[in-house]
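Okay, here's what each chain looks like letter by letter:
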Amino acid sequence: MPSSWAAHSCHLLARLAHPVLWFPKVAVFNVPQEAAMAFPHLQQPSFLLASLKADSVNKPFAQRCQDLVKVIEDFPAKELHAIFPWLVESIFGSLDGVLVGWNLRCLQGRVSPVEYSIAMEFLDPGGPMMKLVYKLQAEDYKFDFPVSYLPGPVKASIQERVLPDSPLYHNKVQFPPTGGLGLNLALNPFEYYMFFFALSLITQKPLPGTLHIRTSDCAYFILVDRYLSWFLPTEGSVLPALSSSPGGPNPSPAPRTPTMPFASYGLHHTSLLKRHISHQTSVNADPASHEIWRSETLLQVFVEMWLHHYSLEMYQKMQSPHAKLEVLHYRLSVSSALHSPAQPSLQALHAYQESFTPTEEHVLVVRLLLKHLHAFSNSLKPEQVSPSTHSHATSPLEEFKRAAVPRFVQQKLYLFLQHCFGHWPLDASFRAVLEMWLSYLQPWRYAPEKQAQSSDCQARCVSERWAPFVQENLLMYTKLFVGFLSRALRTDLVSPKNALMVFRVAKVFAQPNLAEMIQKGEQLFLEPELVIPHRQHRLFTAPTFTGSFLSSWPPAVTDASFKVKSHVYSLEGQDCKYTPMFGPEVRTLVLRLAQLITQAKQTAKSISDQCGESTAGRPFLSWLGFCSTDTNGSYAANDLDEMGQDSVRKTDEYLEKALEYLCQMFRLSEAQLTQLTLALGTTQDENGKKQLPDCVVGEDGLILTPLGRYQIINGLRRFDIEYQGDSELQPIRSYEIASLVRVLFRLSSAINRRFAGPMAALCSRADFLGSFCRYHLTEPGLADRHLLSPVARGCAARRPRGPRLSLRFLGSYRTLLSLLLAFFVASLFCIGPLPCALLLVLGYLLYAVAMTLLTERSKLHHL
């Protein structure tokens, strides 16, 4: 919350000099510009900063923001330069996550409407904070940003004296003087502000009690949307910077010269603005060309801070042989120099191997970025889309729209998605990653013509216009689809949430004409390189902005093939082993998924039937919790247990449609599905119930197969486990009184020891009295029980059980409550306790006689 300013400034305020405190604080915010010029001794930066820090402790949030607005308007950039780093940290929190700042990720309009509206107005792209940024930008101030807080791969690369491939870091690295601590980036005010804003999504941990806040309602999420809409407009051009100076918009910041040489990491790209201005005169330049650097910077910062996270293996894999050779030459030159050598490679790379797990909020913000980038790129006019119509007169904003996704986003997003697919937990929270991936795969959803489409099936067909996008993002479709298949094969598809994810992916990939486009892209990648000149092989790197180096190639098919190969090799390396999405390996995985979908449908139906039977057969008193619960007769817990029959219906619908879409994509026939289903034994047995897990018969009994273990882990099948030990010694249940059960056990044990001989003699009689005693003194069905465990079978053979009396049933809540209810009903008919007890005993004797006769008759029938 904004009140966290106090924690940051209390200990600093105590160190301030006493003369500073002689001035009234209110004078700082009420001094007009003329007074500020008349009293130059009041414009000391230390006094302004100290006063703001003091007010952050004493004044409410609304008053502080009003004072800040006046300070930004009245004071010159020289004084504002001193308060800018403190103000940015006060808003977005410290980089180490200790100070939370204004806590924008938890600030919501419906919870704190006043603070929300004030913060959003202050941080708006056209608000006071941006005015401060542009005011400082005009004076070319620089602010140091620690390299240690950058994403792991970037930090390791810079510490190794290798310049990252992003132009964002070029000419900005400052090395410390002798004895200095750490590396810094010299950033202009706009970059410094955006670095803090983007990193606060990662460095600031959510506070306790904020886990159930909707991300889309938070101030941070809405600010991201506003910044994207302002600096990456889908209509018109980028708005000029807000500046109080009459000179108009600010030019692009001048580059700084590094104090130490760097080896190139990948291709060194120049700024779009510089490349554009070099082809034009300043008289005819588009006014937006002076401000396009802000759009480029914003996108680079968001991508670098949010997507540049991956493992050590990915880092090594993505480096081209050319880059590795340059790094090797650089290390050799450094080691032969007189100064200290650079940090060793393994140590530098090891520095960022700490596990990075993006949060669900992080993924949702990235999805917002991708959706806006698609809308931004698709806002090009039809005549501007084709590279053949490109000319030097094209505005820099139009060039940027064409280059934003392939240059800045594609590679890092692919690595980020691979990291999420490989490390995200196997639960329903993966839905956020899934929707982010599917949003990127469907740029046509954010095209202007989408609103004009009708609802018929033909309108939903993917247009051939998107074939270049599909081909140039082939791995996004194919390899990540295989990654999703491996996840789906390890999840419980009986869960409605997991079934929904399978349905969503199948539905997206089954869109008409999309599978054909993917197949065409795979054919282009796998075709022989007969026409491509040998000297061009080194160009298999990330594509440039316009693709103009491809325009001189006459064959269109070869041109498209080169683009697909360039995409795959730039992401996976020259030695990658590509697995075709429609090849036999992936088809086998799809068939396994289809089998599991069929199993999950049958399991959901079995659970539904079982729940119906248990509900129908539940006694009247079960609502009191006195009914016994057979925990052995149910599947492992899942969403169906909590959501009921409606979830069974949803799961069945999702799985049915997903299976239909998969069959449509991979041309699976009903005969194939039926044959595979029968081969795995997924059909129901004679009684329509579930079967045992898949297993083979060994010397000591049944042995689980890998499929059987999978079925048990995911609750698809189970063994019918029942208690086969001494019924008197089984654990005390929740529906029994523990102390009473123990007392009754001691009493029955004493009776059994005292009268063991007479009871055995009575049970051995062949008349009706012997049958009556056997019915009460022997366990029913003991002889018919077949023991599954060979160990238990041997133990049972060594310990035969004789007739005995069991009084444990009297320790049940249900039995005692039934007796009390019977006495209560008898009292209503003026029947005393003793007559009622005699009636109960007489009734039980009649019941026992009848059951004895039925038991003896059934035995004679079986004989």
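Calculation rules
The residue numbers shown here count from 1 along each chain, following its written sequence. Thresholds applied to this predicted model are a pLDDT of at least 70 for local features of residues and 80 or more for the giving and counting of side-chain atom pairs; totals over whole chains, interfaces and linings are not thresholded and use all residues. Side-chain metrics in this entry use all non-hydrogen atoms of the structure; hydrogen atoms and water are not considered. Every helix listed is a DSSP run of H or I at least four residues long, and every strand listed is a run of E at least two residues long, numbered separately from the N terminus. We call a residue buried when its accessible area falls under 20% of the maximum for its residue type, exposed when it is over 50%, and partly exposed in between, using a 1.4 Å probe and counting protein chains only. Two residues qualify as a contact provided that any one of their heavy atoms is within 4.5 Å of a heavy atom in the partner residue. Computed with the Shrake-Rupley method and a 1.4 Å probe, the accessible areas treat only the protein chains shown as cover for residues. Put simply, two rings from Phe, Tyr or Trp (the six-membered ring, in Trp's case) pair if the centres are within 6.5 Å, and we call them stacked under 30 degrees between planes, edge-to-face over 60, tilted for the rest. We call a charge positioned over a ring when the NZ of a Lys or the CZ of an Arg lies within 6 Å of the ring centre and within 35 degrees of the ring normal. Helix span, as expected, comes to 1.5 Å for every residue beyond the first. Between any two strands, at least two bridges found by DSSP are needed for them to pair. Surface patches are drawn from residues lacking salt bridges whose relative accessible area is over 30%; two like charges belong together within 9 Å, two nonpolar side chains (Val, Leu, Ile, Met, Phe, Trp, Tyr) within 5 Å. Each reported salt bridge corresponds to a side-chain nitrogen of Lys or Arg within 4 Å of a carboxyl oxygen of Asp or Glu. The score called pLDDT rates the predictor's confidence residue by residue, from a low of 0 to a high of 100. In this analysis an axis means a line fitted to C-alpha atoms, helices contributing only their contacting stretch, and an angle means the value between N-to-C directions, from 0 to 180 degrees. In these notes the angle categories are as follows: under 35 degrees is roughly parallel, over 145 is roughly antiparallel, 65 to 115 is roughly perpendicular, and the rest is oblique. Crossing handedness: left-handed means the near helix sits turned counterclockwise from the far one by under a right angle, and right-handed means the same turn made clockwise. What makes a nonpolar core is a set of buried Ala, Val, Leu, Ile, Met, Phe, Trp, Tyr and Cys residues whose side-chain atoms join them at distances within 4.5 Å. Throughout, the ten residues Ala, Val, Leu, Ile, Met, Phe, Trp, Tyr, Cys and Pro are labelled nonpolar, Asp, Glu, Lys and Arg are labelled charged, and all others, Gly among them, are labelled polar. Side-chain atoms alone can form a polar contact between residues adjacent in sequence; in general such a contact is a pair of N or O atoms within 3.5 Å, and within protein one must be able to donate a hydrogen while the other accepts it.

1. Some words on the overall build of the protein chain
Here's step 1: Along the backbone of the protein chain there are 37 helices and 5 strands.
Here's step 2: A buried classification covers 46% of the 863 residues belonging to the protein chain.
Here's step 3: By sequence separation, contacts in the protein chain at least 24 residues apart represent 80% of the contacts at least 6 residues apart.
Here's step 4: Element-wise, carbon and sulfur atoms account for 61% of the exposed surface of the protein chain, whose accessible area totals about 43700 Å².

2. Remarks on the environment of Val590
Here's step 1: Structurally, Val590 is set in helix H27 (residues 584-616).
Here's step 2: When its relative accessible area of 0% is taken as the criterion, Val590 is described as buried.
Here's step 3: Distance in space between the C-alpha atoms of Val590 and Phe666 is 8.2 Å, their sequence separation being 76 residues.
Here's step 4: Excluding its chain neighbours within four sequence positions, the residues that come into contact with Val590 are Phe481, Leu485, Leu662, Phe666 and Leu668.

3. Remarks on the environment of Phe175
Here's step 1: Relative to the helices and strands, Phe175 resides in the loop between strand E2 (173-174) and strand E3 (184-187).
Here's step 2: For the pair formed by Phe175 and Leu185, sequence separation is 10 residues and the distance between their alpha carbons is 8.8 Å.

4. Here we look at the packing of aromatic side chains
Here's step 1: Under the criterion given, the structure shown has 37 aromatic pairs.
Here's step 2: Their ring planes at 50 degrees and their centres at 5.0 Å tell us that Tyr192 and Phe196 sit as a pair that is tilted. Of this pair, Tyr192 and Phe196 are both found in helix H11 (residues 189-203), 4 residues apart, which corresponds to roughly one turn of the helix.
Here's step 3: With relative accessibility at 6%, the residue Tyr192 sits in the buried group.
Here's step 4: Where Phe376 meets Phe400, the ring centres are 5.7 Å apart and the plane angle is 65 degrees; that geometry is what we call edge-to-face. Of this pair, Phe376 sits in helix H18 (residues 360-377) while Phe400 sits in helix H20 (residues 396-423), placing them 24 residues apart in sequence. Neither residue differs from the other here; Phe376 and Phe400 are each classed as buried.
Here's step 5: Taken together, the ring pairs connect Phe92, Phe190, Tyr193, Phe197, Tyr220, Tyr227, Phe231, Trp293, Phe302 and Trp306 into an aromatic cluster.
Here's step 6: For Arg487, the ring lying beneath its charged end belongs to Phe430, and the centroid distance is 3.8 Å.
Here's step 7: Over the face of the ring belonging to Phe755 we find Arg754, whose NZ or CZ atom lies 5.1 Å from the ring centre.

5. Considerations on helix H6 (residues 61-74)
Here's step 1: Between its first and last C-alpha, H6 extends 20 Å over 14 residues, near the 20 Å set by a 1.5 Å rise per residue.
Here's step 2: Within H6 the residues assigned to the buried category are Phe61, Arg64, Cys65, Asp67, Leu68, Val71, Ile72 and Asp74.

6. Re the sheet that holds E3
Here's step 1: Spatially, 3 strands are ordered E1-E3-E2 in an open sheet, and the strand pairing comes out antiparallel. Across the chains shown, the open sheet's two edge strands, defined by having one partner strand only, are strand E1 (143-146) and E2.
Here's step 2: Bridge count for E2 against E3 is 2 bridges, and the pairing is antiparallel. Paired with Gln174 across the bridge in E3 is Asn184.

7. Looking at a nonpolar patch on the surface
Here's step 1: Nonpolar side chains collect at one region of the surface, where Leu821, Phe824, Val825, Leu828 and Phe829 lie side by side and expose about 540 Å² of accessible area between them.
Here's step 2: By secondary structure assignment, the location of Val825 is in helix H36 (residues 813-828).

8. Side note on the confidence of the model for the protein chain
Here's step 1: Mean pLDDT over the protein chain stands at 74; residues scoring 70 or higher make up 65%.
Here's step 2: The secondary structure element of the protein chain with the lowest average pLDDT is helix H2 (residues 18-21), at 32, and the one with the highest is helix H21 (residues 431-441), at 96.
Here's step 3: Note on residues 454-459: pLDDT under 50 across the span, and 3 contacts to partners over four residues away in sequence or across chains.
Here's step 4: The model gives residues 531-557 a pLDDT under 50, and that stretch makes 45 contacts with residues more than four places away or in other chains.

9. Points about the packing of helix H12 (residues 219-231) against H18
Here's step 1: Where H12 meets H18, the closest approach of the two axes is 10 Å, and the angle between their N-to-C directions is 20 degrees. Judged by the angle between their axes, H12 and H18 are roughly parallel. Crossing handedness for the pair H12 and H18: right-handed. On the side of H12, the interface is formed by Phe221, Val224, Asp225, Leu228 and Ser229, while H18 contributes Leu364, Val365, Leu368, Leu369 and His372.

10. Quick look at the nonpolar core
The nonpolar side chains of a soluble globular protein tend to be buried with one another.
Here's step 1: Residues Leu104, Tyr193, Met194, Trp306, Trp437 and Phe481 are the most contacted members of the largest nonpolar core, which totals 172 residues.
Here's step 2: Top element by residues in this core is H20. It accounts for 13 residues.
Here's step 3: In contact with Tyr193, other than residues within four places in its own chain, are Phe84, Val88, Phe92, Leu123, Met129, Met130, Val133 and Tyr227.

11. As for unusual backbone geometry
Here's step 1: The backbone of Arg667 sits at a positive phi, close to 55 degrees, despite the residue not being glycine.
Here's step 2: One can find Arg667 in the loop between helix H29 (645-666) and helix H30 (670-679).
Here's step 3: We note that Cys830 has phi near 60 degrees; this positive angle belongs to a residue other than glycine.
Here's step 4: With respect to the helices, strands and loops of the structure, Cys830 is situated in the loop between H36 and helix H37 (833-862).
Here's step 5: Residue class for Cys830 comes out exposed when judged on its relative accessible area of 75%.

12. Side note on the packing of H11 against helix H14 (residues 292-307)
Here's step 1: In the contact formed by H11 and H14, the axes pass within 9 Å of each other and the chain directions differ by 30 degrees. Comparing their axes, H14 and H11 come out roughly parallel. H14 is crossed by H11, and the crossing has right-handed handedness. In contact with Phe190, Glu191, Met194, Phe195, Phe197, Ala198, Leu199, Leu201 and Ile202 of H11, H14 contributes Trp293, Arg294, Thr297, Leu298, Val301, Phe302, Met305 and Trp306.
Here's step 2: Of the residues contributing to the contact of H11 with H14, the split by class is 14 nonpolar, 1 polar and 2 charged.

13. Thoughts on the side chain of Glu736
Here's step 1: Looking at the secondary structure, you find Glu736 in the loop between helix H31 (706-713) and helix H32 (738-754).
Here's step 2: Within polar-contact distance, the side chain of Glu736 engages the side chain of Arg808 at 2.9 Å.
Here's step 3: Beyond its immediate sequence surroundings of up to four residues, Glu736 is in contact with Pro731, Val741, Arg808, Gly811, Ser812 and Tyr813.

14. Comments concerning the pairing of strand E4 (residues 695-698)
Here's step 1: Here 4 bridges tie E4 to strand E5 (residues 701-704), and the two strands are oriented antiparallel to one another. Along E5, the bridge assignment pairs Cys695 with Leu704.

15. Looking at the pattern of salt bridges
Here's step 1: Counting across every chain of the model gives 19 salt bridges.
Here's step 2: Measuring nitrogen to oxygen at the nearest pair gives 3.9 Å for the salt bridge that ties Asp55 to Lys59.
Here's step 3: Given the relative accessible area of 3%, Asp55 is considered buried.
Here's step 4: For Asp67, the salt bridge goes to Lys59, with nearest N and O atoms at 2.8 Å.

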